[in-house]
Amino acid sequence: MTTPLMAAAAGLGTGLSLIVAIGAQNAYVLRQGVRREHVGPIVAICGASDAVLIAAGVGGLGALVRSMPTAVTVIAWIGAAFLMTYGALAARRAWRQKDHLAAEGTAETSLRTAVLTCLALTWLNPHVYLDTVLLLGTVGSSYGNTHWYFAAGATTGSILWFSGLGFGAGRLGKVLARPKAWRVLDGVIALTMITLGVAMAARA
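Quantities reported herein were computed from a predicted structural model and do not represent experimental measurements. (Residues numbered from 1 in each chain as written. Predicted model: local features only at pLDDT ≥ 70, side-chain atom pairs only at ≥ 80, totals over all residues. Heavy atoms only, no water.)

Caption draft 1: Region of interest: unusual backbone geometry. Of note in this structure, H38 is not a glycine but carries a positive phi near 55 degrees. When you line up the elements, H38 lands in the loop between α2 (24–35) and α3 (39–67). Take H38: its relative accessible area is 22%, and that puts it in the partly exposed class. (Helix = DSSP H or I, 4+ residues; strand = E, 2+ residues; numbered from the N terminus. Buried < 20%, exposed > 50% of the residue type's maximum accessible area, 1.4 Å probe, protein only.)

Put into structure tokens, the structure is as follows:
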């Protein structure tokens, strides 16, 4: 039987594994953090957006599970497949990673421009919906009555990551701008996701 604490911990781990990957949104948060421009609003937008999307995913699929109990097994297998596939992709990124992040330019970005850019990178990015609504929603729904604890854990992971990335970028920006750093992160992500996927498959 899954306890609320176990569900929250699983949500935290899964959420972090999905979020901590080089991409347009993280690159932008890092860039703004290194430049120390409008970090608070940017972090707030990213965290709040993830909270809404995670709740939508977990809530919607949770209703499906409650109305169709037999769907639990199917959802668990789908979630396991997603997790292991995502882990394999992260392993591939770790092996081939050549990209780097940098805060280029010196012109100051206005608050309006920064906010609109962040909203676009968040809400117009199909990967955001894949990660938060589909994947986290699918995995979270498999936790039955504790699915909202899973959602809370995933949301906490999102807030912690964006806060650390944005406000800590001033000191860690040069380190995180190196491809090798993201290769290590992607390696950890791959291990975590595949482990969670195997565990979910075993539970199914």
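Caption draft 2: Structural context of the packing of aromatic side chains. Taken as a whole, this structure holds one aromatic pair when the rule is applied. On the basis of an interplanar angle of 25 degrees and a centroid distance of 5.2 Å, the ring pair of Y143 and F150 is categorised as stacked. The same class applies to Y143 and to F150, which are both buried. (Phe/Tyr/Trp six-rings, centres within 6.5 Å; stacked < 30°, edge-to-face > 60°.)

Caption draft 3: A look at a nonpolar patch on the surface. A cluster of nonpolar side chains, V52, L116, L119, W123 and Y129, forms an exposed patch at the surface whose accessible area comes to about 420 Å². For the nonpolar patch, the element with the highest residue contribution is helix α5 (residues 111–123), accounting for three residues. (Patch = residues over 30% accessible without salt bridge, like charges linked within 9 Å, V, L, I, M, F, W, Y side chains within 5 Å. Areas by Shrake-Rupley, 256 points an atom, 1.4 Å probe, with all protein chains shown as cover. Salt bridge = Lys/Arg side-chain N within 4 Å of Asp/Glu carboxyl O.)

Caption draft 4: Main features of the nonpolar core. With 19 residues, the main nonpolar core has V139, Y143, F150 and M200 as its most contacted residues. Looking at this core, the elements that each hand over two or more residues are α1 (4–19), α3, α4 (71–96), α6 (126–141), α7 (147–176) and α8 (179–203). Among the elements that line this core, the one with the most residues is α4, at four residues. Within the second largest apolar cluster, 16 residues are counted, among which are L30, V43, C46 and A169. (Core = buried A, V, L, I, M, F, W, Y, C linked by side-chain atoms within 4.5 Å.)

Caption draft 5: Representation of the packing of α2 against α5 in the model. Following both chains from N to C, one finds α2 and α5 inclined at 155 degrees, their axes separated by 9 Å at the closest point. Between α2 and α5, the crossing angle belongs to the class labelled roughly antiparallel. Relative to α5, α2 is oriented so that their crossing is left-handed. Within the contact between the two elements, α2 uses A24, Q25, Y28 and Q32 and α5 uses T113, A114, T117, C118, L121 and T122. Classifying every residue of the contact of α2 with α5 by side-chain character gives five nonpolar, five polar and no charged. (Axes fitted to C-alpha atoms, helices over the stretch in contact; angles between N-to-C directions. Parallel < 35°, antiparallel > 145°, perpendicular 65-115°, else oblique. Left-handed = near helix turned anticlockwise from the far one by under 90°. Contact = heavy atoms within 4.5 Å. Nonpolar A, V, L, I, M, F, W, Y, C, P; charged D, E, K, R; others polar.)

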